[in-house]
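These are the residues of each chain, in order.
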Amino acid sequence: MEEVKKPARIGVVLSSGGGRGVYAHTGFLLALRQLGIEVSAIAGCSAGALVGGIAASGADLQQWSQVIASVRTREYWTPDPWLQFVWRLAVNKGRGYTGLSDTAAAIAFCRRNLAVQTFEECRVPFYSLAMDLGRGAKVLFAAGELAPRMMASAAMPLLYRPVEIAGSLYTDGAVIELAPTEAICCKHNLDALIVHHTSVHREGGEGMAWAVRQPWSLIEILNLLLYRHRPWYLSDQPLAFQRCPHGCGTPLIVLECDLPELVWPLNSGGPRVQAAALSQSLASLQPYAGILMSDPHRLPLPRVSAGQAATPAARCNTAPEPEDGEHYPE
Ligand SMILES: [Zn+2]
């Protein structure tokens, strides 16, 4: 009898990328669904943690895309009234003032749109990257209530106050890393990984000149700071093939769509970003979808370097273990 081959197990890593990333990641995940590519694990940072959590919870992505198409600013952005702002800065000299907006509304927005409320109940394993301000360390959340841990990953410094969880304060994971590939790679028996990268990296004086010409230049300067690191997997191509550098050599597809700009407060123009990400992801992945699902090692991958395993049997599929400078809080 002929052996029926199981479809490849595919993990997805969703990068940081601000409001634009929320729409872009949604478009990308809808493209995977159209191509029949099942996702077996998700890791995300910032915008990627928001959309990743929604998807991992099992929420309907089509319904989610309708929600974000008509989201009102006050559902995720609730700065203090002017008088209170002035009082806190002028009279109270800014003591204890840690960001322009509270995160309660954004956390409630996440809760309303999740299909389940905890990491443990998710349909597929999910990790959200944040920075623990007290320890100055990277954190990969993998347990507990989803909504605050998704928003902790997306709480952009100065714009949002840090999110307090079990007595510790957390801020946007992009401060440390844009896309946490190692959160799921080498784990969960994955055969391949797709990284969807949506952060825009602008260098030097040109980046700064661009920032000061934009509406809300302060936010663009923050973006310059947050996205200053160029991740190892980027190649400036819409589609690139890599191998996991963390030990297992697993095939890795990197998608970097060319997306329209999105101006704060983000929601207007979002569906245009989502449609661009959807159509570009479809165009990039369609020629490889069959190989990806049946035998990802036949993808046009870079050659295996010394230290990288060549065969699936030799891969390092282990349970997630905290590495140096990284921890998994309860
Ligand atoms: Zn790996």
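Because the structure is a prediction, the values reported are computed rather than measured.

1. Quick word on the overall build of the protein
Counting its regular elements, the protein contains ten helices and 13 strands. Counting every position in the protein, which comprises 330 residues, the buried fraction comes to 43%. Summarising the internal contacts of the protein: among those between residues at least 6 apart in sequence, 75% fall at separations of at least 24.

2. Regarding the environment of tyrosine 127
On the secondary structure map, tyrosine 127 appears in strand S5 (residues 126-132). Taking the C-alpha atoms as reference, tyrosine 127 lies 6.5 Å from isoleucine 42; in sequence the two are 85 residues apart. Setting aside anything within four residues of it in sequence, one finds tyrosine 127 in contact with Ala43, Leu140, Phe141, Ala142, Pro180, Ala183 and Ile184.

3. Topic: the confidence of the model for the protein
Predicted confidence across the protein gives a mean pLDDT of 88, with 89% of residues reaching 70 or more. In this model, residues 309-325 is a region of pLDDT below 50 whose contacts with residues beyond four sequence positions or in other chains number 26 contacts.

4. Section: the packing of helix H2 (residues 47-56) against helix H6 (residues 146-154)
At their nearest, the axes of H2 and H6 sit 7 Å apart, and the two run at 155° to each other. In terms of orientation, H2 lies roughly antiparallel with respect to H6. From H2, Ala47, Ala49, Leu50 and Gly53 reach across to H6, where they touch Leu146, Met150, Ser153 and Ala154. Taken together, the residues of the contact of H2 with H6 sort by class into six nonpolar, two polar and no charged.

5. Considering the nonpolar core
Counting 87 residues, the largest nonpolar core has Leu50, Cys110, Met151, Leu193 and Val195 as its most contacted members. Looking at which element gives the most residues to this core, the answer is helix H1 (residues 18-34), with eight residues. Setting aside anything within four residues of it in sequence, one finds leucine 193 in contact with Gly11, Val13, Thr181, Cys185, Cys244, Thr250 and Leu252.

6. As for the sheet that holds strand S4 (residues 99-102)
With mixed pairing, three strands are arranged side by side in an open sheet as S3-S4-S7. The sheet is open, and its two borders are formed by strand S3 (78-79) and strand S7 (158-160), each paired with just one other strand. Note that S3 and S4 share two bridges and pair antiparallel. Within S4, the position partnered with threonine 78 by the bridge is aspartate 102.

Calculation criteria
- Residues numbered from 1 in each chain as written.
- Predicted model: local features only at pLDDT ≥ 70, side-chain atom pairs only at ≥ 80, totals over all residues.
- Helix = DSSP H or I, 4+ residues; strand = E, 2+ residues; numbered from the N terminus.
- Buried ≥ 20, exposed ≤ 12 C-beta atoms within 10 Å, placed from the backbone.
- Contact = placed C-beta atoms within 7 Å.
- pLDDT = per-residue confidence, 0-100.
- Axes fitted to C-alpha atoms, helices over the stretch in contact; angles between N-to-C directions.
- Parallel < 35°, antiparallel > 145°, perpendicular 65-115°, else oblique.
- Nonpolar A, V, L, I, M, F, W, Y, C, P; charged D, E, K, R; others polar.
- Core = buried A, V, L, I, M, F, W, Y, C linked by C-beta atoms within 7 Å.
- Pairing = 2+ DSSP bridges.

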